[in-house]
Amino acid sequence: MEEKLSREEAWELLTEYTKTPALRKHALAVEAVMRHFAALASEDADVWGVVGLLHDVDYEKFPEEHCKKAEEIMKERGISDFYIHAVCSHGYGICTDVKPESPMEMTLYTVDELTGLINAVCLMRPSKSVLDLEVKSVKKKFKDKSFAAGVDRDTIRSGCEMLGMELDTVIRETISGMRENAEAIGLKGNL
Ligand SMILES: [Fe+2]
Ligand SMILES: [Fe+2]
């Protein structure tokens, strides 16, 4: 990795391309979870967080060219290949053939879809909150394929395999990460 990208720069770039509140919340959720997993792995939470924040930077404007446009947008800004590779690798097997290689990339690949599932589970709860959400509630909805059908369970499973982590552990830690920024990601609910 060459030059470190600041959080401010990443946020500015994200919000320039992403106006939809739900997409901004998704970016913030993935950022929070990436920071949490970085801390668990004794890695640089600022770097992992920025990658989480930017991973869908092109999605609102270019959903058909997801990840490809992200590469262009980031290159234009002079952002290093380290970040570009990381962002692109979350679409592995879906919209890119860039394989997640580092623990950071494998984590992004795994938690991207999972934060979406957890978000959907929270919103149907009476509390509308992630703060009192239990792993078993997420597990139940993980198995119910008709629930949040757009969430690719196989991606989450293969991500857990890459990481060498149990699904339950990944769910638990993803919930913990989301709790750390519950208010901003709209999942504080009525608690
Ligand atoms: Fe994406
Ligand atoms: Fe995403």
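Conventions used here
- Residues numbered from 1 in each chain as written.
- Chains lettered and ligands numbered in written order.
- Predicted model: local features only at pLDDT ≥ 70, side-chain atom pairs only at ≥ 80, totals over all residues.
- Heavy atoms only, no water.
- Helix = DSSP H or I, 4+ residues; strand = E, 2+ residues; numbered from the N terminus.
- Rg over C-alpha atoms; globule rule 2.2 N^0.38 Å.
- Buried < 20%, exposed > 50% of the residue type's maximum accessible area, 1.4 Å probe, protein only.
- Contact = heavy atoms within 4.5 Å.
- Areas by Shrake-Rupley, 256 points an atom, 1.4 Å probe, with all protein chains shown as cover.
- Lys, Arg positive; Asp, Glu negative; His and termini not counted.
- Charge placed at Lys NZ, Arg CZ, Asp CG, Glu CD.
- Phe/Tyr/Trp six-rings, centres within 6.5 Å; stacked < 30°, edge-to-face > 60°.
- Lys NZ or Arg CZ within 6 Å of the ring centre and 35° of its normal.

Trainee: Explain the overall build of the protein to me, please; I cannot follow it from the model alone.
Mentor: Along the backbone of the protein there are nine helices and zero strands. Tracing the protein from N to C terminus, the helices and strands come up as α-α-α-α-α-α-α-α-α. A compact globule built from 191 residues would reach a C-alpha radius of gyration of about 16 Å, and the protein, at 15 Å, matches this within 12%. Expressed as lengths along the three principal axes of its C-alpha atoms, the size of the protein is roughly 45 × 35 × 35 Å. Looking at the 191 residues of the protein, the share that counts as buried comes to 48%. Put simply, 66% of the contacts in the protein that link residues at least 6 apart link residues at least 24 apart. Taken as a whole, the protein presents about 9,200 Å² of accessible surface, with 50% of it coming from carbon and sulfur. Positive and negative side-chain charges of the protein, numbering 25 and 35 respectively, have mean locations separated by a distance of 9 Å.

Trainee: Would you take a moment to explain the packing of aromatic side chains for this structure?
Mentor: One pass over the full model with this rule turns up two aromatic pairs. An angle of 90 degrees between the planes, with centres 5.2 Å apart, marks the rings of F82 and Y83 as edge-to-face. Given the relative accessible area of 28%, F82 is considered partly exposed. On the basis of relative accessible area, Y83 is assigned to the buried category, the value being 2%. The aromatic ring of F62 is capped on one face by K69, whose charged end is 4.8 Å from the ring centroid. If you follow K141 out to its NZ or CZ, it ends over the ring of F147, 4.9 Å from the centre.

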